[in-house]
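Chain by chain, the residues:
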Amino acid sequence: MTTEAVAAKRPAGRRLAGLFYGRPRLQVGALLAAPGAWLVILYLGSLAVLLITAFWTVDPLSGEVIQGFSLENFETLVNEPVYRDIVWRTVRTAALVTFTDVVIAFPIAFYMAKVASRRGKGILLVAVLMPLWSSYLVKVLSWRTMLSNDGVINWALGPLGLHGPGYGVTAVWLVMSYLWLPYMVLPIFAGLERIPDSLISASEDLGAAPFTTFRRVILPLVFPAIVAGSIFTFSLTLGDYITPRLVSNDQFIGNVISSSITNDLPFAAALALVPIVVMIAYLGVARKLGAFEHV
Amino acid sequence: MRRRDAHSARTAWLVVAGLVVFMLVLAGCGSSSDSSTGGGGNELQKLGKGEGELNLISWAGYVEPEWTKPFEQESGCKVNDKVAGTSDEMVDLMKTGQYDGVSASGNATARLVAAGEVDPVNVSLVPNYKTIFSDLKNQPYNTFEGVHYGIPHGRGANLLMWNSDDVKPAPDSWEVTMNPKVAAKYKGKISQYDDPMSIAEAAVYLKFHEPSLEIENPYELNEEQFEAAVGLLKEQRANVGEYWSDAAKQIQAFASGDNEVGTTWQYQYFALQGEGEPVAASPASQGFLPKEGATGWSDTWMISSKAKHPNCMYEWMNYIVSPQANAEVAEFFGEAPAQSLACDHTADKEFCSKYHAENPAFWKRVYYWETPLADCGNGEEDCKDYNDWVQAWTSIKG
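Residues numbered from 1 in each chain as written. Chains lettered and ligands numbered in written order. Predicted model: local features only at pLDDT ≥ 70, side-chain atom pairs only at ≥ 80, totals over all residues.

Asks: Any chance you could break down the overall build of chain B for me, citing the residues and the numbers?
Replies: Helix and strand counts for chain B stand at 15 helices and 15 strands. Out of the 398 residues belonging to chain B, those deemed buried represent 51%. For chain B, long-range pairs separated by at least 24 residues make up 71% of all intrachain contacts whose partners lie at least 6 apart in sequence. (Helix = DSSP H or I, 4+ residues; strand = E, 2+ residues; numbered from the N terminus. Buried ≥ 20, exposed ≤ 12 C-beta atoms within 10 Å, placed from the backbone. Contact = placed C-beta atoms within 7 Å.)

Laid out in structure tokens, this is it:
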């Protein structure tokens, strides 16, 4: 019997295994082929198509897309003051939501990671995750009811002679901060867990006041986790259009994209590039601040 | 280390550049094949046998089992319906080419014709067309250059609705939402339709109150008239409590007291009344229009130029304006029927007179939605087109 005949008699699975034996590059290649194709063709590919579409225009009457190179959409974006207002409003709200979530999430995460018992930690973790089990729409619509004129917020504030914020940008800020809080708590919690207690003890032993320990030991170590969380809260706020529509009258980037998409797809594409550019700038700043050094 | 970084960065750039080139090639040769503009005159000449199926796009309430079941039995065409929320959505859905027909309002029809998405309709193959009210035939939103592009379905006026407990005395004019001085009384309580068509509402108001602007048709506005209407709505912005685009949101806002007065449709008015809310409105059924008149709709069934079931679509267009079916739709929806013989078939014998179906004079003050075009018929392209309207609407909301 020749060696080929022996090889031919082996079951197909083993032959396949033989093919990969001793060829690490092929192994990695086969493993990454499907996710790689997904990432490159479906994900980056659609982004590239989006970029190209942004340079097209539409026929004003029929709404047919005219292919060709034109900077018209970008000129409109820059020249019409309303779009600057909308972009600024969106970015400002995203920053505010992120800041609010950091301020609220840090104490919760710190308590969970460093103070609570094992049991307490478990309970708190479930409590943080619980809102994610219910539908996004249910949560936003509940806020809409709560914020309404005869809603529970006005009812509770009434005896104090106060009035709730009503619908508007403030309402969007409130609701978004509520919605994205778990995405901030979890990374900070994970980041704090990785800091050994001994470092905090050492800082105290060396005479640092609690605030100094926080500022010079904990904060630098947990900073990458905060940035990771902020990427979630910032980008989620940047892209949302349902919350603004339900609890305010103000347009955010997503609202204009969704209302343009049916009759002016290229303009919607141009507008969709704005959050991408903002996010790239955001990630660039985060990198400069050293957020990715230990990832 | 540094050299390796530089190397991998170069590889990354190469990958990105290659990808962009690949996509450009793909985009370049991909979609240039289906640019079939201008519907042309390929109307059906002879009715054949039904294809057994029919795919429709409609407004909510136009295709209901009560009248589609008998149609299916009669024709053997199984009806699949897709409900659209806005005219823009209808145009978008029609572009997929997966549907046989659509119940288009006047602010979609011209766009569909221009894009070649719909074919002319041979009205001689639709026997019930003969008895349709004559003031619905040959209108600028369903007949283009003398060619029929659809079968009229029904019509109605948009309503002014108010909370009768809070808004006193009962308004008889759009002033209550449009005149900044009057509207300020209801600051934060005004409800406005979230659509560029609201600009026409402002134009209807200005047509009456600012005769110097010489507005003829609220959908044909030149620069000066358009700026005036947009300016009015920008002033209104401060008083608006909520812009509504879906009916459920507006119903809730009126029920909770967040909104007290504004534009609405029959559907929300009926729903709020059904919930026992203290609302009143300017329904055509009570013969009441605000003194300026009102915007409205007159819908048309159109056939897709890519229809896979054209015979079933013709049968449907004939069926939906048959006296019995048209009466059922009109009563269900709360609109005036298009079919003159439908008035003998309504459950409420007074229905047609309540809704002014047989009263052309009433409809003179109702301005049906139209697609704004640059060409207002004076030969000059000096009117604002729909894209301008959309952009202006974005800047009005701020």
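Asks: Explain the overall build of chain A to me, using residue names and the numbers behind them.
Replies: Regarding its fold elements, chain A presents 14 helices and two strands. Relative to the compact-globule value of 19 Å for 295 residues, chain A shows a C-alpha radius of gyration of 26 Å, a clear excess of over 25%. Along the longest, intermediate and shortest principal axes, the C-alpha atoms of chain A span 100 × 75 × 35 Å. Residues counted as buried form 29% of the 295 residues belonging to chain A. A separation of at least 24 residues holds for 70% of the contacts in chain A among residues at least 6 apart in sequence. (Rg over C-alpha atoms; globule rule 2.2 N^0.38 Å.)

Asks: With reference to specific residues and values, describe the domain arrangement of chain B.
Replies: Residues and elements named next belong to chain B. For chain B, the domain assignment lists domain 1 (53-155 + 298-358) and domain 2 (157-296 + 374-397). Taking the mean C-alpha position of each, domain 1 and domain 2 sit 26 Å from one another. Listed by partner, the interface residues are nine residues for domain 1 and eight residues for domain 2. Looking at the side of domain 1 that touches domain 2, its residues break down into one nonpolar, five polar and three charged. (Domains from an automatic or database assignment. Nonpolar A, V, L, I, M, F, W, Y, C, P; charged D, E, K, R; others polar.)

Asks: Run through the packing of helix H13 (residues 253-260) of chain A against helix H14 (residues 265-288) of chain A, naming residues and quoting values.
Replies: Residues and elements named next belong to chain A. Viewed as axis vectors pointing N to C, H13 and H14 meet at an angle of 160 degrees, and their least axial separation amounts to 9 Å. Judged by the angle between their axes, H13 and H14 are roughly antiparallel. Crossing angle aside, the handedness with which H13 passes H14 is left-handed. Side by side, H13 and H14 meet where Ile253, Val256, Ile257 and Ser260 of the first sit next to Phe267, Ala268, Leu271, Ala272, Val274 and Pro275 of the second. Class assignment of the residues belonging to the contact of H13 with H14 gives a composition of nine nonpolar, one polar and no charged. (Axes fitted to C-alpha atoms, helices over the stretch in contact; angles between N-to-C directions. Parallel < 35°, antiparallel > 145°, perpendicular 65-115°, else oblique. Left-handed = near helix turned anticlockwise from the far one by under 90°.)

Asks: Please give an account of the interface of chain A and chain B that cites residues and values.
Replies: Taken together, the contact pairs 25 residues of chain A with 29 residues of chain B. Mapped by element, the contributors of at least two residues to the side of chain A that touches chain B are helix H3 (24-53) and helix H5 (81-115) of chain A. Sort the elements by how many residues they give to the side of chain A that touches chain B and H3 of chain A lands first, with six residues. When its residues are assigned to classes, the side of chain A that touches chain B shows ten nonpolar, ten polar and five charged.

Asks: Could you give me a rundown of the pairing of strand S10 (residues 240-244) of chain B, with the residues and numbers involved?
Replies: Residues and elements named next belong to chain B. Buried residues dominate S10, accounting for five of its five residues. Here strand S9 (residues 190-193) pairs with S10 via four bridges, running parallel. Of the residues in S10, the one forming a bridge with tyrosine 193 is tryptophan 244. (Pairing = 2+ DSSP bridges.)

Asks: Which residues make up H13 of chain A, and what values go with them?
Replies: Three- or four-residue spacings in an α-helix give side chains the same orientation, since the helix completes a turn every 3.6 residues. Burial runs high along H13 of chain A: six of the eight residues are buried. Within H13 of chain A the residues assigned to the buried category are Ile253, Gly254, Asn255, Val256, Ser259 and Ser260 of chain A. On its buried face, H13 of chain A is in contact with H5, helix H11 (210-239), helix H12 (242-247) and H14 of chain A together with helix H15 (386-397) of chain B.

Asks: Give a description of the pairing of strand S3 (residues 101-104) of chain B that names residues and reports values.
Replies: All names here are of chain B. Of the two faces of S3, the one lined by Gly101 and Ser103 and the one lined by Val102 and Ala104 are each fully buried. Relative to S3, strand S1 (residues 53-58) runs parallel, the two sharing two bridges. In the strand pairing of S3, leucine 56 is matched with glycine 101. By the bridge criterion, four bridges tie S3 to strand S13 (residues 294-304) in an arrangement that is antiparallel. Looking at S13, one finds that alanine 104 is bridged to threonine 300.

Asks: I'd like to hear about the nonpolar core, residue by residue, with values.
Replies: Among the nonpolar cores identified, the biggest contains 112 residues, and Leu112, Ile199, Ala202, Ala203, Ala229 and Met317 of chain B are the most heavily contacted of them. For this core, the domains that each give at least three residues are domain 1 (53-155 + 298-358) and domain 2 (157-296 + 374-397) of chain B. Core analysis: the second largest hydrophobic core is formed by 51 residues, Val172, Val175, Val227 and Leu271 of chain A among them. (Core = buried A, V, L, I, M, F, W, Y, C linked by C-beta atoms within 7 Å.)

Asks: For the environment of asparagine 378 of chain B, give the residues involved together with the corresponding values.
Replies: By secondary structure assignment, the location of asparagine 378 of chain B is in the loop between strand S15 (366-368) and H15. Residue class for asparagine 378 of chain B comes out exposed when judged on the 10 C-beta atoms lying within 10 Å of it.

Asks: Quick one: what's the story with the packing of helix H7 (residues 198-209) of chain B against helix H8 (residues 223-237) of chain B, residue by residue and with numbers?
Replies: Residue and element names in this part refer to chain B. Interhelical geometry of H7 versus H8 gives an angle of 105 degrees and a closest axis separation of 9 Å. Relative to H8, H7 is oriented roughly perpendicular. Contacts between H7 and H8 involve Ser198, Ile199, Ala202, Ala203 and Leu206 from the former and Gln225, Ala228, Ala229, Val230, Leu232 and Leu233 from the latter.

Asks: I'd love a proper account of the confidence of the model for chain B, names of residues and values included.
Replies: Residues and elements named next belong to chain B. Considering every residue of chain B, the mean pLDDT works out to 86; 89% of them sit at 70 or more. Segment residues 28-40 is flagged for pLDDT under 50; beyond a separation of four residues in sequence, or across chains, it makes 13 contacts in the model. What the predictor reports for the complex is a pTM of 0.79 with an ipTM of 0.75. (pLDDT = per-residue confidence, 0-100.)

Asks: Help me get a handle on the sheet that holds strand S12 (residues 279-281) of chain B, residues and values and all.
Replies: Residue and element names in this part refer to chain B. The five strands are arranged S10-S9-S11-S8-S12 in an open sheet whose pairing can be described as mixed. Because the sheet does not close on itself, it has two edges, and the strands there are S10 and S12. Neighbouring strand axes in the sheet, compared pairwise and without regard to direction, differ in orientation by 25 degrees on average. Pairing of strand S8 (residues 159-163) with strand S11 (residues 261-264) involves four bridges; the strand directions are antiparallel. Among the inter-strand pairings, leucine 159 is bridged to a residue of S11, identified as threonine 264. Packing of helix H9 (residues 247-255) onto the sheet brings it into contact with S8, S9, S10, S11 and S12, and relative to S10 it is tilted by some 155 degrees.

Asks: Account for the environment of proline 140 of chain B, with residues named and values stated.
Replies: All names here are of chain B. Among the secondary structure elements, proline 140 is positioned in the loop between strand S4 (118-119) and strand S5 (143-144). A tally of 17 C-beta atoms within 10 Å means that proline 140 is categorised as partly exposed. Distance from proline 140 to glycine 106, taken between C-alpha atoms, is 8.6 Å for residues 34 residues apart in sequence.

Asks: I'd like a rundown of the environment of arginine 119 of chain A, residues and numbers included.
Replies: Tracing the chain through its elements places arginine 119 of chain A in helix H6 (residues 118-129). In this structure, the C-alpha to C-alpha distance between arginine 119 of chain A and isoleucine 218 of chain A, residues 99 residues apart in sequence, is 24 Å.

Asks: Outline unusual backbone geometry, supporting the account with residue identities and numerical values.
Replies: Residues and elements named next belong to chain B. Residue proline 169 is reached from lysine 168 by a cis peptide bond, and omega for that bond is -5 degrees. With respect to the helices and strands, the residue proline 169 is situated in the loop between S8 and helix H5 (175-178). Positive phi outside glycine occurs at glutamate 145, with the angle close to 50 degrees. Unusually for a residue other than glycine, glutamate 214 sits at a positive phi of about 55 degrees. Structurally, glutamate 214 is set in the loop between H7 and H8.

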